[in-house]
Amino acid sequence: MTVRVTRQLKREYSRTLTEVFAFMMTGGMSVADLRDACADALRGASSRADANGRKEAAGLATVARVLDEWHRNRRYLTAHGTPKPIPLLGRAPSVEALSRARGGTRSAATVAKRLRELGLVVPCGRGLYKPTSEFAVISKDHPFIHQNTVRAVSAFLETVRQNIRKTQNSDRLIERFAEVPDLPHRHLAAFRKFSQTQGALLLRTINDWLESRRKGRRTGSASGRIIHAGVHMFAFASPRRRRST
């Protein structure tokens, strides 16, 4: 892992821990108890620490935006609305040009190469590439996963804290869950498929709404305050735990 990624991840971890500690102290935990809890957690984490080196990469959000642009920009779509095969590097149309168009802070060529490295784009002959999916789904241990996880935890805790301070329900951000404690295991595969399908539909709708309102996308939106906004969704399934007294 390079120095730049290490510093970036440190900032993300620091923000997340700040939210976690503030949430715990708001719930009544003292500083002394918090220190004891942290010491216990560190001892447990040390026994499972993974010391494998990791490469620097552009952020998960960056590559996700490139894939999203590839699936919505007419210049990069066939007559049937599917992504066109394009070169990895070079002038438009190319994966590098898509990255540059999204205005990322990192090298557009580096982002394009990371997409290939992660298997998010694959060769399809004649030096052309196509995306494997509309979404940036990574199924291996990578800095993207660590960065996205700590951001998600931090964002969730920040949403809960903000909602607690709001006096009107209309001012609160959505924070809901649906669960049952006794789903038969034979339904796990069906639940996995159902939640993925419904989640993809919801996220696509929300993403379209957000994209159409981004800064510079509409008349009169080129100036003024901006905020970081979005929805993070995940499903969970685990063995039922015996309740402790």
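Not measured: the values here are computed from a predicted model. (Residues numbered from 1 in each chain as written. Predicted model: local features only at pLDDT ≥ 70, side-chain atom pairs only at ≥ 80, totals over all residues. Heavy atoms only, no water.)

Participant: I keep staring at the overall build of the protein and nothing clicks. Help me out?
Facilitator: When you go through the protein residue by residue, the secondary structure sums to seven helices and three strands. Shown N-terminal to C-terminal, the secondary structure of the protein runs as helices and strands in the order α-α-α-β-α-α-β-β-α-α. Of all 245 residues assigned to the protein, the portion counted as buried reaches 25%. Accessible surface computed for the protein: about 17,900 Å², of which carbon and sulfur atoms make up 54%. (Helix = DSSP H or I, 4+ residues; strand = E, 2+ residues; numbered from the N terminus. Buried < 20%, exposed > 50% of the residue type's maximum accessible area, 1.4 Å probe, protein only. Areas by Shrake-Rupley, 256 points an atom, 1.4 Å probe, with all protein chains shown as cover.)

Participant: How should I be thinking about the pattern of salt bridges in this particular structure?
Facilitator: Pairing between side chains becomes possible if they bear opposite charge and their charged atoms approach one another. Under the defined criterion, the tally for this structure stands at five salt bridges. Arg-43 is the partner of Asp-40 in a salt bridge, and the nearest nitrogen-oxygen pair spans 2.2 Å. Taken together, the positions of Asp-40 and Arg-43, both in helix H2 (residues 31-46) and three residues apart, correspond to about one turn of that helix. Given the relative accessible area of 55%, Arg-43 is considered exposed. The closest approach of N and O atoms between Arg-72 and Asp-208, which form a salt bridge, is 2.8 Å. With a gap of 136 residues between them, Arg-72 in the loop between helix H3 (60-70) and strand S1 (86-87) and Asp-208 in helix H7 (residues 188-211) connect regions that are remote in the sequence. Using a relative accessible area of 30% as the deciding quantity, one classes Arg-72 as partly exposed. Linked through salt bridges whose partners overlap, the residues forming this network are Asp-68, Arg-72 and Asp-208. (Salt bridge = Lys/Arg side-chain N within 4 Å of Asp/Glu carboxyl O.)

Participant: Hey, could you run me through the packing of aromatic side chains in this one?
Facilitator: Remark: the centre distance and the inter-plane angle together describe each pair of aromatic rings, the angle taken between the planes. Per the counting criterion, the structure on display carries one aromatic pair. When the centroid spacing of 6.5 Å and the interplanar angle of 50° are considered together, the rings of Phe-234 and Phe-236 count as tilted. (Phe/Tyr/Trp six-rings, centres within 6.5 Å; stacked < 30°, edge-to-face > 60°.)

Participant: How do you make sense of the nonpolar core when you look at a structure like this?
Facilitator: Generally speaking, a soluble globular protein has its nonpolar side chains buried in company with each other. With 18 residues, the main nonpolar core has Trp-70, Val-95 and Leu-115 as its most contacted residues. At the level of secondary structure, the elements contributing two or more residues to this core comprise H3, helix H4 (95-101) and helix H5 (108-117). Residues within four places of Leu-115 in sequence aside, it is in contact with Val-63, Val-66, Leu-67, Val-95, Leu-120 and Val-121. (Core = buried A, V, L, I, M, F, W, Y, C linked by side-chain atoms within 4.5 Å. Contact = heavy atoms within 4.5 Å.)

Participant: So what exactly am I meant to see when it comes to the sheet that holds strand S2 (residues 121-123) here?
Facilitator: By definition, the strands of a sheet pair up through backbone hydrogen bonds, in either a parallel or an antiparallel sense. Spatially, the three strands line up as an open sheet ordered S1-S3-S2, and their pairing is antiparallel. Of all strands in the sheet, those bounded by a partner on one side alone are S1 and S2. Here S2 runs beside strand S3 (residues 128-131); their pairing, made up of three bridges, is antiparallel. When the sheet's bridge partners are listed, Val-122 is paired in S3 with Lys-130. (Pairing = 2+ DSSP bridges.)

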